[in-house]
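# What the coordinates show
These are the residues of each chain, in order.
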Amino acid sequence: MKLTVLGCSGGIGGEDSRTSSFLVDDDVLVDCGTGVGDLEFDALRRISHVFVSHSHLDHIAAIPMLVDSIGEVCHHTITVYAPPETLHILRAHVFNWLVWPDFTAIPDRRHPYLHLQPVAVGESVHLGERLFTALPVRHTVPAVAWCLDSGAAQLIYSGDTTYCAELIEAINARPALRHLIVETAFPEEMRAMAMASRHLCPGMLETMLGELTVTPEVHVSHLKPGLGARIMEQVEALRGKLRPKRLVRGQIIEF
Ligand SMILES: [Zn+2]
Ligand SMILES: [Zn+2]
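Note that the structure is a prediction, hence the values are computed from the model and not measured.

## A few points about the environment of alanine 134
In this fold, alanine 134 is placed in strand β8 (residues 130-136). Counting along the chain gives 49 residues from alanine 134 to glutamate 85, while the straight-line C-alpha distance between them is 13 Å. Setting aside its immediate chain neighbours within four residues, alanine 134 contacts Val119, Ala120, Val121, Gly122, Glu123, Val144, Ala145 and Trp146.

Written as structure tokens, this is what we have:
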């Protein structure tokens with residue numbers, strides 16, 4: 001599988017700040033933040049599947065316009081996979097005819113431009129040889145991490161989470177894990193904010209990585225704009241065998 005980073009910032013502002021969105025091969029998105037807006041129309045029309053970590057705007061911002069832009073022109077369905085609670089939020093607060101039309105009923109309910117497919121924690125979706133599994137995390141709203149398995153190797157993307165013992169257990173259950181994309185939204189001096197908003201800061205990342213029995217390449221994402229250099233200074237000073245690196249927009253990970 002080939003994962004292209006379209007966006008991995010915790011916010012907007014500047015050339016490299018696009019929010020969480022990852023293109024997998026050419027037909028799948030994992031999260032659908034503002035980075036999706038940089039894709040050419042021909043790339044957008046190849047997308048059929050979107051795996052969403054949670055309902056926060058930085059992870060779903062481009063879904064409504066993606067469906068609108070390619071639905072009517074290409075007459076094809078985009079399937080959004082997420083926990084049932086997340087899909088309920090999308091229905092109630094986005095695709096409600098007020099913020100955006102209900103594309104699960106357009107042009108009609110039997111052949112809609114948007115299909116919402118619930119995936120509970122622990123469940124998997126097969127797309128050919130590729131396997132996508134929802135893993136537990138802890139955030140302020142219902143949320144999951146996604147494990148992408150190519151058959152040859154695995155990558156786990158944490159989405160947004162604070163310290164989560166169940167996620168560590170799920171990571172350690174995959175001894176051949178090759179890549180871990182993990183958020184570190186705030187610097188150490190904002191630990192109280194990280195805890196209140198259920199994100200990670202470098203010290204919490206250190207604790208989490210210290211409990212891993214696997215040795216993936218660790219990529220740090222979701223740094224708040226303006227705080228990235230400070231956060232990475234602190235991440236690079238962490239003790240431990242894993243040396244996390246900053247994930248950057250445009251980076252390609254093959255596994
Ligand atoms: Zn969030
Ligand atoms: Zn976020």
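## Some thoughts on the packing of aromatic side chains
Enumeration according to the criterion identifies 5 aromatic pairs in this entry. Grouping aromatic residues by their ring pairs yields a cluster made of Phe51, Tyr81, Phe132 and Trp146.

## Some remarks on the coordination of the zinc ion (ligand 2)
Every protein donor of the zinc ion (ligand 2) is listed here as Asp58 (OD), His59 (NE2), Asp160 (OD) and His222 (NE2), and their distances to the metal cover 2.1 to 2.2 Å. Around the zinc ion (ligand 2) sit 4 donor atoms; with metal-centred angles ranging over 90 to 166°, the donor geometry is irregular. Sequence positions of the donors to the zinc ion (ligand 2) reduce to the motif D-H-x100-D-x61-H. Between the zinc ion (ligand 2) and the zinc ion (ligand 1), both coordinated by aspartate 160, there is a metal-metal distance of 3.6 Å.

## Focus: helix α8 (residues 228-236)
Taken together, the buried positions of α8 are occupied by Gly228, Ile231, Met232, Gln234 and Val235. Looking down the long axis of α8, one finds its buried residues gathered within 160° of arc, a one-sided arrangement. Across α8 from its buried face, at more than 90 degrees, point the exposed residues Ala229, Glu233 and Glu236. Where α8 is buried, its residues contact α7 (202-210), β12 (217-221) and β13 (245-246).

## Topic: the pattern of salt bridges
Opposite charge on two side chains makes pairing possible when the charged atoms of those side chains draw close. Enumeration over the complete set of coordinates arrives at 13 salt bridges. Arginine 130 is the partner of aspartate 27 in a salt bridge, and the nearest nitrogen-oxygen pair spans 2.9 Å. In this pair, aspartate 27 sits in the loop between β2 (21-24) and β3 (28-32) while arginine 130 sits in strand β8, placing the two residues 103 residues apart along the sequence. Taken individually, aspartate 27 and arginine 130 each receive the classification buried, so the pair is uniform in this respect. One salt bridge in this structure joins glutamate 189 and arginine 230, with 2.9 Å as the shortest N-O distance. Pair noted here: glutamate 189 is in the loop between β11 (177-183) and α6 (191-196) and arginine 230 is in helix α8, with a separation of 41 residues, a long-range link. One salt-bridge network, in which partners are shared between bridges, spans Asp16, Arg18, Asp38 and Arg249.

## What about the coordination of the zinc ion (ligand 1)?
Here the zinc ion (ligand 1) is held by His54 (NE2), His56 (ND1), His139 (NE2) and Asp160 (OD), and the distances to it run 2.1 to 2.4 Å. What the 4 donor atoms of the zinc ion (ligand 1) show is an angle range of 89 to 167° at the metal, which sorts the shape as irregular.

## Looking at the pairing of β2
Within a regular strand, the side chains alternate between the two sheet faces. What you see with β2 is no split at all: Ser21 and Leu23 on one side and Phe22 and Val24 on the other are buried throughout. Pairing of strand β1 (residues 2-7) with β2, which is carried by 4 bridges, proceeds in the antiparallel orientation. Bridging from a neighbouring strand, glycine 7 pairs with serine 21 of β2. Bridge count between β2 and β3: 4 bridges; the pairing is antiparallel. Within the sheet, the bridge partner assigned to valine 24 lies in β3 and is valine 28. The antiparallel pairing of β2 with β3 creates a hairpin that spans 3 residues between the two strands, and aspartate 25 there sits at a positive phi of about 50°.

## Structural notes on helix α4 (residues 84-93)
An α-helical turn contains 3.6 residues, so any two residues separated by three or four positions project in the same direction. Of all the residues in α4, the buried ones are Thr86, Leu87 and Leu90. The arc that holds the buried residues of α4, viewed along the axis, is 100°, so those residues lie on one side. Of the exposed residues in α4, those oriented more than 90 degrees away from the buried face are His88 and His93. Turning to α4, the residues buried within the fold contact α2 (57-60), β5 (78-82) and β6 (114-118).

## What about the nonpolar core?
Soluble globular proteins tend to pack their nonpolar side chains together in the buried interior. Membership of the largest hydrophobic core comes to 33 residues, with the highest contact counts inside it found for Leu167, Ile171, Leu180 and Leu212. The set of elements that each furnish at least two residues to this core consists of β9 (144-149), α5 (165-172), β11, α7, β12 and α8. Apart from the residues within four sequence positions on either side, leucine 180 is in contact with Ile156, Ile171, Leu209, Leu212, Pro216, Glu217, Val218 and His219. Listed in part, the 30 residues of the second largest apolar core include Leu66, Val67, Ile106 and Tyr113.

Conventions we followed
- Residues numbered from 1 in each chain as written.
- Chains lettered and ligands numbered in written order.
- Predicted model: local features only at pLDDT ≥ 70, side-chain atom pairs only at ≥ 80, totals over all residues.
- Heavy atoms only, no water.
- Helix = DSSP H or I, 4+ residues; strand = E, 2+ residues; numbered from the N terminus.
- Contact = heavy atoms within 4.5 Å.
- Phe/Tyr/Trp six-rings, centres within 6.5 Å; stacked < 30°, edge-to-face > 60°.
- Donors = N, O, S within 2.8 Å, 3.2 Å for Na, K, Ca; no water.
- Tetrahedral: all angles 85-135°; square planar, octahedral: opposite > 155°, others 65-115°.
- Buried < 20%, exposed > 50% of the residue type's maximum accessible area, 1.4 Å probe, protein only.
- Arc of directions from axis to C-beta.
- Salt bridge = Lys/Arg side-chain N within 4 Å of Asp/Glu carboxyl O.
- Pairing = 2+ DSSP bridges.
- Core = buried A, V, L, I, M, F, W, Y, C linked by side-chain atoms within 4.5 Å.

What is shown is where atoms sit, not what they do.
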